[in-house]
Each structure stands twice: as C-alpha cells, then as structure tokens.
Amino acid sequence: MQLELSIVKDLQARGRQFRLDVDVRTDSDAVVIYGPSGAGKTLTLQCLAGFVAPDAGRISLDGSTLFEAAQRINVPARERGFGYVFQDYALFPHLTVAGNIGVSLQKGWLRRLDDAARARVEDMLRLFELQELRDSYPSQLSGGQRQRAALARALATRPRLLLLDEPFAALDPALRDRMRHEFVELRERFKLPMVLITHDPADLEMLARELVVIDHGRVTRHDHAPFKADVPQGATALRVIPGGAAGARAA
Amino acid sequence: MSAASHVAFSVASSSSRPMRRRLLAGSVALVLAFGAGSASAAELIVSAAASLTNAFRDIGKAFEAASPGNTVTFNFAASDVLLAQIAKGAPADVFASADQDAMDKAVAQGVINTATRKDFVRNRLVLIAPSDSKTAITGLSSLSSADIKHIAIGNPASVPVGRYTKGVLEKAGSWVSLEPKFVNATSVRQALDYVARGEAEAGFVYSTDAAIMKDKVKVAFEVPTEKPILYPIAAVKDSKNAALAQSFLQFLASDSAQTTLTNYGFGKP
Amino acid sequence: MSPTAVPLLLSLKVAGWATLLALIAGVGFGYLLARVRFFGREVLDAVLTLPMVMPPTVLGYYLLVLLGKRGVIGAWLQENFGINLIFTWQGAVIAAAFVAFPLVYKAARAAFEDIDSNLEKAGRSLGFSELKIFFRITLPLAWHGILAGAMLAFARALGEFGATLMVAGSLPGRTQTLSIAIYEAVQAGEDNVANHLVIVASAICIVVLVVSGRVLQGGYRRAFRY
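Peer 1: A description of the overall build of chain A should follow, citing residues and the corresponding values.
Peer 2: The helix and strand tally for chain A stands at seven helices and 11 strands. Sorting the 251 residues of chain A into buried and exposed places 41% on the buried side. Relative to all contacts within chain A whose residues are 6 or more apart in sequence, the contacts with residues 24 or more apart total 63%.

Peer 1: Provide a residue-level description of the overall build of chain C, including the pertinent values.
Peer 2: Looking only at helices and strands, chain C features 10 helices and zero strands. Sequence-ordered secondary structure for chain C, helices as α and strands as β, is α-α-α-α-α-α-α-α-α-α. Overall, the C-alpha framework of chain C stretches about 65 × 45 × 30 Å when taken along its three principal axes. By the burial criterion, 44% of the 226 residues in chain C qualify as buried. At a minimum sequence separation of 6, the contacts of chain C that also span at least 24 residues come to 75%.

Peer 1: Can you lay out the interface of chain C and chain B for me, pointing to particular residues and giving the numbers?
Peer 2: Listed by partner, the interface residues are 14 residues for chain C and 15 residues for chain B. Considered class by class, the residues forming the side of chain C that touches chain B number five nonpolar, five polar and four charged.

Peer 1: Let's hear about the pairing of strand E3 (residues 30-34) of chain A: which residues, and what values?
Peer 2: All names here are of chain A. For E3, a buried count of four out of five residues is recorded, marking the element as mostly surrounded by other parts of the structure. Both E3 and strand E9 (residues 194-198) contribute to a ladder of five bridges, which runs parallel. In the strand pairing of E9, Tyr34 is matched with Thr198. As defined by bridge partners, E3 adjoins strand E10 (residues 210-215) across four bridges and the pair is classed as parallel. Its bridge partner being in E10, Val31 is matched across the sheet by Glu210.

Peer 1: Requested: an account of the pairing of strand E11 (residues 218-224) of chain A, with residues and values cited.
Peer 2: All names here are of chain A. Two elements, E10 and E11, share six bridges in a ladder whose sense is antiparallel. Within E11, the residue paired with Val213 across the bridge is Arg221. The loop that links E10 with its antiparallel partner E11 comprises two residues; one of these, His216, has a positive phi angle of about 50 degrees.

Peer 1: Now, about unusual backbone geometry: what can you tell me, with residues and values included?
Peer 2: Even without being a glycine, Asp62(A) presents a positive backbone phi close to 50 degrees. Tracing the chain through its elements places Asp62(A) in the loop between strand E4 (56-61) and strand E5 (64-68).

Peer 1: Please set out the sheet that holds strand E4 (residues 118-123) of chain B residue by residue, giving values where relevant.
Peer 2: Residues and elements named next belong to chain B. On the basis of which strands lie adjacent, the open sheet formed by five strands has the order E2-E1-E3-E10-E4 and mixed pairing. Since the sheet does not close on itself, it has two edges, and those belong to strand E2 (71-77) and E4, each with one partner. Taken pair by pair, the neighbouring strands of this sheet meet at an average axis angle of 20 degrees, ignoring direction. Where strand E3 (residues 94-96) lies against strand E10 (residues 229-235), three bridges are found, and the strand directions are antiparallel. When the bridges of E10 are listed, Val94 appears paired with Ala235. Across the sheet, helix H4 (residues 79-87) lies against strand E1 (43-49), E2 and E3, angled at about 140 degrees from E1, the strand it touches most.

Peer 1: Explain the packing of helix H4 (residues 115-127) of chain A against helix H5 (residues 143-156) of chain A to me, using residue names and the numbers behind them.
Peer 2: A pair of packed helices is captured by two measures, namely the crossing angle of their axes and the spacing between those axes. All names here are of chain A. In contact at an axis separation of 10 Å, H4 and H5 are set at 145 degrees when each is read in the N-to-C sense. The interaxial crossing formed by H4 with H5 has right-handed handedness. Residues Arg120, Val121 and Met124 of H4 form the contact with H5, whose participating residues are Ala152, Leu155 and Ala156. Its residues assigned to classes, the contact of H4 with H5 shows five nonpolar, no polar and one charged.

Peer 1: Break down the interface of chain C and chain A for me, citing the residues and quoting the values.
Peer 2: Accessible area lost on assembly of the parts is the figure often given for the size of an interface. Each side of the interface is counted separately: chain C has 19 residues, and chain A has 20 residues. Listed by contribution, the elements that provide at least two residues to the side of chain C that touches chain A are helix H6 (117-125) and helix H7 (130-159) of chain C. Classifying every residue of the side of chain C that touches chain A gives 10 nonpolar, four polar and five charged.

Peer 1: Run through the sheet that holds strand E8 (residues 202-206) of chain B, naming residues and quoting values.
Peer 2: All names here are of chain B. With respect to topology, five strands assemble into an open sheet ordered E7-E6-E8-E5-E9, the strand pairing being mixed. This sheet does not close on itself; its edge strands, each paired only once, are strand E7 (182-185) and strand E9 (217-223). Taken over all neighbouring pairs, the strand axes of this sheet differ in orientation by 35 degrees on average, direction set aside. With two bridges joining them, strand E6 (residues 151-154) and E8 adopt parallel strand pairing. Each bridged residue has a counterpart across the sheet, and for Ala152 the counterpart in E8 is Gly203.

Peer 1: Quick rundown of the arrangement of the chains? Include the residues and the values.
Peer 2: The interface with the most contacts, out of two pairs of chains in contact, is the one formed by chains A and C. A gap remains between chain A and chain B, with no contact made and the closest C-alpha atoms lying 35 Å from each other.

Peer 1: Kindly report on H4(A), identifying the contributing residues and their values.
Peer 2: Residues and elements named next belong to chain A. The terminal C-alpha atoms of H4 lie 18 Å apart, and with 13 residues this matches the ideal 18 Å at 1.5 Å per residue to within 8%. Among all positions in H4, only Val121, Met124 and Leu125 are buried. Projected down its long axis, H4 carries its buried residues within an arc of 100 degrees, all on one side. Of the exposed residues in H4, those oriented more than 90 degrees away from the buried face are Asp115, Ala116, Ala119 and Arg126. Contacts made by the buried residues of H4 are with helix H3 (97-102) and H5. Immediately downstream of H4, the backbone of Glu129 shows phi near 55 degrees, a positive value.

Peer 1: Tell me about the packing of helix H5 (residues 89-113) of chain C against H7(C), and name the residues and values.
Peer 2: Residues and elements named next belong to chain C. In the contact formed by H5 and H7, the axes pass within 8 Å of each other and the chain directions differ by 155 degrees. Put simply, H5 runs roughly antiparallel to H7. In this structure, H5 meets H7 at a crossing whose hand is right-handed. Here Ala96, Val99, Ala100, Leu103, Val104, Lys106, Ala107, Ala108, Ala110, Ala111 and Phe112 of H5 come into contact with H7, specifically with Thr138, Ala142, His144, Gly145, Ile146, Ala148, Gly149, Ala150, Leu152, Ala153, Arg156 and Ala157.

Peer 1: An account of H4(B) is needed here, citing residue identities and associated values.
Peer 2: Of all nine residues in H4(B), seven are buried, a share of seventy percent or more. Taken as a whole, H4(B) has its buried residues at Ser79(B), Asp80(B), Val81(B), Leu82(B), Leu83(B), Ala84(B) and Ile86(B). Packing partners of the buried residues in H4(B) comprise E1, E2, E3, helix H5 (100-108) and helix H6 (160-172) of chain B together with helix H9 (178-187) of chain C. Directly beyond the C-terminal end of H4(B), a positive phi value near 105 degrees is found at Gly89(B).

What counts and how
- Residues numbered from 1 in each chain as written.
- Chains lettered and ligands numbered in written order.
- Predicted model: local features only at pLDDT ≥ 70, side-chain atom pairs only at ≥ 80, totals over all residues.
- Helix = DSSP H or I, 4+ residues; strand = E, 2+ residues; numbered from the N terminus.
- Buried ≥ 20, exposed ≤ 12 C-beta atoms within 10 Å, placed from the backbone.
- Contact = placed C-beta atoms within 7 Å.
- Nonpolar A, V, L, I, M, F, W, Y, C, P; charged D, E, K, R; others polar.
- Pairing = 2+ DSSP bridges.
- Axes fitted to C-alpha atoms, helices over the stretch in contact; angles between N-to-C directions.
- Left-handed = near helix turned anticlockwise from the far one by under 90°.
- Expected span 1.5 Å × (residues − 1).
- Arc of directions from axis to C-beta.
- Parallel < 35°, antiparallel > 145°, perpendicular 65-115°, else oblique.

Shown next, in the form of structure tokens:
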C-alpha cells in the first residue's frame, strides 16, 4: 500500500497544549508505530482511521485522498474501509461474539444476514477458534479470547487496511508470543496491510517491516527492517543493525 | 456590615476563648432570629373568605393603627377550606365566612364561640364576562349558548359562591345541563381570575369581586338569590387572643371599617 | 368505587402521555448535549433543568400566560387550529410533561455520556451510519439509565398538581386528576373520600417503584459491562 500521512493536530488537555505534527510516507505493508506513552501514537492512528479530524495536512492511501484540509476533504471513518482493533478491544457488551462479528454485515432494519454473510461469520468463528464462544458475551471472555473476537470483528468486513492499537498489550507474555505468531500467519493469509502501535520491542522484531517512532508529537525516527530488539524500555533511540536500509529522518 | 467585620476580626485574631464566646453568641442570635415574633406584642390571626381580601387588608391596617403594639395576620381562602383548617387545630382567632352554611358547619363542629357570632356585611351575586367579550349575555338562559364554552364557578363542595350559584341554577333547572361547561375554582377569586384572563367566557362571583377587576371583567347582570347573601363572623372558641378578637369584631362596627366595607361594595347586613 | 376510578384513570392517562412526550424530548436533548460541544451548552443544560427546580405554581403560571387565549402561543393555536389547551386534559399533559422532562433529560444525558466513546468509534470503523450507531450501539447501552429516568418522570407526572391546576383547572371527569381530587376533597372536608384517594395514589406509587426496581435489576443481571 502507499500511505501518505502528513498531519497537524493541536490539542488542549488539562490546561496543557499538545501538538501532533507528523509526516509519514511509506509503501510498506507492515508499519509499526513505536514510542513512549503520551507521544501521540494513538492520536495518529485515530486520525488515520478518521475518528479524529486533523487541523491541517493530508492523508491519502493508494492515491485516493482521505483527508485534505486545504480542500476541505474529509472522508468519514465509515467509508474509509479500515479495520480497527482498540487497545481495550471495544467489543459491544450487549452482543454475543457471533453478534459482534456479524453486526457489520447486517442489512436493513430487521437485521438480516444473508447466506454469504452468515458463511463469513462462521468462517471468522472457525478461523479464530471462537465457535464454542459464539453465544458468549464479551464480559464472559478471557483477554485472549476478547482479542481474537476483536480481530474477527474487524476482519469480517474485509477491510483494505488494518489498524491496531497495542493489540497484545493486555495479554500475558506467553500468550503474547503465541498471538504474535498467529498474527503473522493471519497477515500472510489475508495479505492485509497494517499499521500497528506498540510499546513492546518484541513486536517490532516479529511484525515490523517499517518503523516509525513518535515522541512528543513528532516523528523522530523512520527506519526499515530488519530491526534488532535491543531497545531500552520506552526509549526513542534504537540500534539498527548494519545492512538495513536506514532512512532516518530527524524531525 | 460591622457585625461581619467584627467576626472577621475575631477570626483573624488567633486566641480561641473570645472566638468560642463569639460563636456561642452568634448561634444564640440565630436561634432567637428564627424563633422570634412569638414573644413581643399580640398577633391576631383572622381567617376570612376570599372575597373579603381587599377590604379586610385595609381594615387590618386601620386596626393596627388604632391598637398599637398589636398586629393582624390574614388568611384568605374559600370559607370551607378555612373551616377545615380551624377544625384541625389551625390557630385562627377570628373566622369570617361568606355564607351561613360554612359557619353552621363550624358551630356544629364546636370550634366557634357562638355568643360572638353575628352577620356583618351583605353581598350580591353577579354573572361576569371578560371585558372584551362580544357575546350577549342577557339572562341565565344565555349560558346555554355555544359561545359560552367554560363557566367559572366556585366548587360548591368547598366555596360558598358555588353554593349560591348551584342554588340559583338548580332553581332555573339548568344546573345539570350546564355541568359539562363548569370549571371548578378553589375560591371566588380564582373564578374571577379565569374570567379576567378570558379562559372562561362567563363566571359567577360577588359584585364586590367584579368591582376589584373593573378593567378586565364586566358585569352581565345581577343574579337574584333565594336567600340573601349575608356574611357571618365569629371568634374562634379556643383562641389565645379572645380579648383582642373581641376588639377586632367591635372595630368592624366602627365608622372607618364601615366606610371601607361600603367603598368596596359590601352592603349593610 | 367510581369516585376514585375517574380521577385515577385520568391521572394515568395524563401521566402516560406526559412521560411519552418527556421521553422523546429528553432523549433528544440528552443525546445532543452529551455528544455535541457547542457554545452555551451548559447554559442550555441549566435552562432544560429549570422546570425541575422551579416551583410548580411558577411554571404553571408561565404556561398559563403562554398558552392562554391571550398568550403568544395560545393565541396562535386558537387562530390557526382553533385549539385551546387551557382546561383540557391535553393542557394537563403539557404541564406534566414540562415538570417530568428534566428527569428524563438528565438521566439520558448521563447514560449517553457514560458510554465508552470507543464503542461508537468501533461502529464507525465497521461502516455504520450515525443512525445505525445510535440504534444499535448507543441506545441499547443507554436504555437502562433512560428507563430509570422515565420511571421517575412517570411518578412525578402522576403526582403533578400545581402546574396542572393552573393550566388545566379542575373539571370533573376531564382534568380533575387524582392529586387535584385529593386536594378538593380535603378542602371540602370530605375526609373519607380524601383518605380513599390517598391510599389509591400511594398504592400506585409503590407499584411503580417495585416494577421499576424489577426491570432495572433484571437488566443488570445481563452482564452488561466488562
């Protein structure tokens, strides 16, 4: 995919000003956004998704403009065709797992699922091993199960880009490792481009083909794979092994 | 102003004993202020029919001027309502009713000093309409016209003017047929207000009430009643101000009180 | 006993319609103020809450002035539709709806604000229209709080007296609600009738409370939140 994300967003929170000013251009299919908390990573992803409108700039994917401040273009989130996995999964608490996955496929007021849609829900349940939990509610699921359900829900609409906000953060380390492997398989299977936010250096190593580091609202580093997982906690400096095409851009 | 700064000064100064004394003094003052009014001069409470509102307020002021140190407090409502309050122990000293029925009920319930009962004014029943009304109302039969959609009457169960009205309409044979048009008012003054506001196209009130709102209502005609409209007044039996109640009753016979009553349109009993 | 049946049924009818009106307006405004940030939002919130804190007679007076034959709205209604709301049960509904509205509005706004905004964003990412988000995500998650508000509103409308008396007056069979009937019975010294009416009114309040408790409890058992 070809992604251009050059945006500026000013925020005021608790009397303090925050300015997001990022410029990311990439044609990688696996972009990881890395950085300390409060850096602006989630805000960036939400702007990309269309949940938040930037104050200035431009967002385009594969040549089509999703946002252009100067020309007042702002494609609403519902039309961008992106899947989004939230940090706390944001599963609909009043719907079952099957309901969560299928709700986006329902047509009309009577909430019909045609045969194709029904088949897809079954596929998702099977793929993510959620068949036995199909009638369970999110509050009855474990963390890992919720994460799978959230993924299943996002993928049910066949999005063209998957956005994930720290998808493994709430899982314990063993589960995290397993999920990472499954995730790589999934990505291969669906051939789905993704942008993923993470804190975890291990995620970097396994998942990223391109790395964007954001700190204090700005991109401080933009590198290509491979990456060595040798990163002190929360730091913005990375050691890149020789051989990787280093395209560091200082902000 | 000075009290506030006094308190502020005492708070600023750090020694605690004067502070505690001031707090105590402050709280005592608060309690006294809350409970005040009961100690000093005598307060006469007069429960009177709503139609007497304006006249009695003037007479009350004159009475206070004539007997310094005493105050008169009025409680105006429909006569039956006042009776219900007195019967349940409300501390009224004098009861003035707009018809004999209410006073008779009071006597029957044993709350009146019957020796003090006497009729003190006379009134007349009139049919009124909003002053800008174009509908011709010449007699009771006009009330059946389709132009008259709402007729304001006192609720006969609790308002004397309603009872007078019912008596008149029953005699004319139209009480039942007009019933869908009735709007029950809780007092004669509320009936007056309904007509003054134009919400009711006609209403039955006393001539004295119609006179109060001369600019908003007009009298269509006077309605003759079976019995004359005589207002009785009496002292309440277990009143704490029996002597003062008596002097108020006597004051009503005075020239100034009589003039006031006549000015408002009341007749001699 | 038929002296109680008529005012009782009338009270239920008036309270029912008033709650419905309050529900529509309350949910609408509650959603607007919960989701949209605009200049003067909290001032509007105060205005919308006003009927709850205002003495009912004051509210009744304002309504009487506005809706009466000489009032701004009343005259307009009379001229264009031949409708006069004073002394009608519809007028009683309006008065009761005004006092009941803030109860639904406040509950609805709180319920909507309580919903995790990520859930609505998730809906957007899945391609939902705003209408679908409201009916499939927002409302199902908020309806509990809204219902609680509606129950309170119904109880309030049922007991409404001051404003109703001003606007609708007391017309036996047409606007003499239970509360007004009690008042008039006391005024007339008819203690027996008053006692009877009061018992009926109290019984209804208790029923409303018990039913609402059951409904709300059953819902919570549905493991609603994470």
